[in-house]
Structure formats: C-alpha cells, structure tokens
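Structural overview
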Amino acid sequence: QVQLVVSGGGLVQAGGSLRLSCAASGFTFSTYTMGWFRQAPGKEREFVAAISWSGGRTGYGDSVKGRFTISRDNAKLSMLLQMNSLKPEDTAVYYCAKDGRRFTTGLSISVSAYDYWGQGTQVTVSS
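Residues numbered from 1 in each chain as written. Predicted model: local features only at pLDDT ≥ 70, side-chain atom pairs only at ≥ 80, totals over all residues. Heavy atoms only, no water.

1. Considering the overall build of the chain
Within the chain, the regular secondary structure consists of 0 helices and 11 strands. Walking the chain from its N terminus toward its C terminus, one meets helices and strands in the order β-β-β-β-β-β-β-β-β-β-β. Along the first, second and third principal axes, the C-alpha set of the chain runs to 40 × 25 × 25 Å. Looking at the chain residue by residue over its 127 residues, the buried ones come to 43%. Within the chain, contacts between residues at least 6 apart in sequence are counted, and of these 59% link residues at least 24 apart. Taken as a whole, the chain presents about 6300 Å² of accessible surface, with 49% of it coming from carbon and sulfur. (Helix = DSSP H or I, 4+ residues; strand = E, 2+ residues; numbered from the N terminus. Buried < 20%, exposed > 50% of the residue type's maximum accessible area, 1.4 Å probe, protein only. Contact = heavy atoms within 4.5 Å. Areas by Shrake-Rupley, 256 points an atom, 1.4 Å probe, with all protein chains shown as cover.)

2. Focus: the pattern of salt bridges
One pass over the full model with this rule turns up 6 salt bridges. Residues R67 and D90 are paired through a salt bridge, measuring 2.7 Å at the closest nitrogen-oxygen approach. Here R67 is found in the loop between β6 (58-60) and β7 (68-73), whereas its partner D90 is found in the loop between β8 (78-83) and β9 (92-102), with 23 residues between them in sequence. One exposure class covers both R67 and D90, and it is buried. (Salt bridge = Lys/Arg side-chain N within 4 Å of Asp/Glu carboxyl O.)

3. Re the nonpolar core
Among the nonpolar cores identified, the biggest contains 28 residues, and W36, M79, L81, M83 and Y94 are the most heavily contacted of them. Every element with two or more residues in this core is listed here: β1 (3-7), β3 (18-25), β4 (32-39), β5 (46-51), β7, β8, β9 and β11 (121-126). The element that contributes the greatest number of residues to this core is β3, accounting for 4 residues. In this structure M79 touches L20, S21, C22, F29, M34, G35, W36, I51, I70, S71, R72 and C96, once residues within four positions along its chain are discounted. Of all hydrophobic cores here, the second largest spans 6 residues; its members include F37, F47, A97 and A113. (Core = buried A, V, L, I, M, F, W, Y, C linked by side-chain atoms within 4.5 Å.)

4. Thoughts on the packing of aromatic side chains
Counting across every chain of the model gives 8 aromatic pairs. One aromatic cluster is present, formed by F37, F47, Y95, Y114 and W117 through successive ring pairs. The residue whose ring lies beneath R72 is F29, and the NZ or CZ to ring-centre distance is 4.3 Å. (Phe/Tyr/Trp six-rings, centres within 6.5 Å; stacked < 30°, edge-to-face > 60°. Lys NZ or Arg CZ within 6 Å of the ring centre and 35° of its normal.)

5. Some points on the pairing of β4
Taking burial as the measure, the 8 residues of β4 include 7 buried ones, the bulk of the element. Note that β4 and β9 share 7 bridges and pair antiparallel. Following the sheet pairing, M34 is matched in β9 by K98. Bridge analysis of β4 against β5 gives 5 bridges, and the strand direction is antiparallel. Residue pairing across strands places F37 opposite F47, the latter belonging to β5. Where β4 folds back on β5, the antiparallel hairpin that results is connected by 6 residues, among which G42 adopts a positive phi of roughly 80°. (Pairing = 2+ DSSP bridges.)

Everything listed is a geometric property; what it means functionally is a separate question.
If you want it as structure tokens, here you go:
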C-alpha cells in the first residue's frame, strides 16, 4: 500500500532553516508528481511546493518563493523541502502528498489533485 512518511519538523527561530523529508513506498515513485502542503490552525490546507515526476519542473506558493526549495531523489524514493529564512507565519503542520495521476505535464496546486498524504509534521517558527 502507498505510504508517505514525513520527518524533519521542529521548532526554529525566525530566520532559521529546517529540512523536511518524505519517504515514499508502495507505488512507482518516479512516475508521479509530488507536493508539499501546510495547514495552520483554523486555516485551510495551503499549497507550498510541487515537483514533477522527473524532477525537471518545480513550482512554489507565492508565500514561500525564494525561501523554500523542493527536490526529489527517485532512486531513493524520497522528496525534500529545504526551508530557509523561516518566518513565524510559516508555522503549520506540513504534509507531503502524491498526485493522483501518472506522468502529469503540469504541477497541480489543488488539494483535490493529490490522492495520498503523509502524516504531517509540525513546524513552529518563533519570533
């Protein structure tokens, strides 16, 4: 079965960095776009970043552009989110997710396009 295991969250001061990892299993990882989303208390789940199945295309939410970097290693069945220059407003539970379609040409920012989700990891940025 599909499994996505997220790790790497924690508490960091504003301006600091964290790196999140998503370990995938149970599906052909190299054929699916993958994404990162986050959800703060009382808010809807928000698109953070996505990466195409080949790794050749990436996309970011406006609030994280220039600060976060998404990457993947298809040989290791893993995806990373490097988060730099963190701000208190980045505080949220972060989720990795698998796109529901194989070999997609675009990068979806919609929650509904993703069919499997990791368990989430808390990221807290103190001011």
